[in-house]
Amino acid sequence: MSQNKFLYCVIAISLLSILLLVSGCDDRYRYVCQNPDKFDLAECQKPRCLFTQTCPEYLVAPVLTNKIEPPKVEDVKK
């Protein structure tokens, strides 16, 4: 009887690990604006994306090369 329990446990663990591997390999993006198909969404356009720092050029490009600069005073007054 203990051999059957061991076999069932091995089968269950194998199935769970296969399911985890399959679900972890989907094409998902952490942020909506990382998906090239959704670059044109309103939330991925400036100035809205500057507040959340989810602009595509900041998410796709290396972080150190593109830094967010504060808006100029004359741009804020417009």
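Quick caveat, the model's predicted, so the values are computed rather than measured.

Conventions and cut-offs
- Residues numbered from 1 in each chain as written.
- Predicted model: local features only at pLDDT ≥ 70, side-chain atom pairs only at ≥ 80, totals over all residues.
- Heavy atoms only, no water.
- Disulfide = S-S within 2.5 Å.
- Helix = DSSP H or I, 4+ residues; strand = E, 2+ residues; numbered from the N terminus.
- Buried < 20%, exposed > 50% of the residue type's maximum accessible area, 1.4 Å probe, protein only.
- pLDDT = per-residue confidence, 0-100.
- Polar contact = N/O pair within 3.5 Å; in protein donor to acceptor, adjacent residues only side chain to side chain.
- Contact = heavy atoms within 4.5 Å.
- Salt bridge = Lys/Arg side-chain N within 4 Å of Asp/Glu carboxyl O.

## Overview of the state of the cysteines
Tallying each qualifying case throughout the model produces 2 disulfides. The disulfide bridge from C33 ends at C44, spanning 2.0 Å between sulfur atoms. Here the S-S torsion is close to -95 degrees, and the disulfide linking C33 with C44 is therefore left-handed. Linking C33 in the loop between α1 (2-24) and α2 (48-52) with C44 in the loop between α1 and α2, this pair joins segments that are 11 residues apart in sequence. Each sulfur in the disulfide pair C49 and C55 lies 1.8 Å from the other. Across the S-S bond of C49 and C55 the torsion is about 85 degrees, and the bridge reads as right-handed.

## Focus: the environment of R30
Looking at the secondary structure, you find R30 in the loop between α1 and α2. Under the relative-accessibility criterion, R30 is labelled exposed at 71%. Between the C-alpha atom of R30 and that of L59, which follows or precedes it by 29 residues, the distance is 9.8 Å.

## So, the confidence of the model for the chain
On average, residues of the chain carry a pLDDT of 79, and 74% of them reach 70 or more. The secondary structure element of the chain with the lowest average pLDDT is helix α4 (residues 73-77), at 61, and the one with the highest is α2, at 87.

## Observations concerning the side chain of T54
With respect to the element layout, T54 can be found in the loop between α2 and α3 (56-60). A distance of 2.8 Å separates the side chain of T54 from the side chain of T52, its partner in a polar contact. If we skip the residues at most four places from it in the chain, T54 touches Y31, C33, E43, C49 and L59.

## Structural notes on the pattern of salt bridges
As enumerated under the stated definition, the model contains 1 salt bridge in all. Put simply, E57 and K46 hold a salt bridge, and the shortest N to O gap is 3.0 Å. Residue E57 is located in helix α3, and its partner K46 is located in the loop between α1 and α2; the two are separated by 11 residues in the primary sequence. Look at E57 and you get partly exposed, because its relative accessible area is 32%. On the basis of relative accessible area, K46 is assigned to the partly exposed category, the value being 48%.

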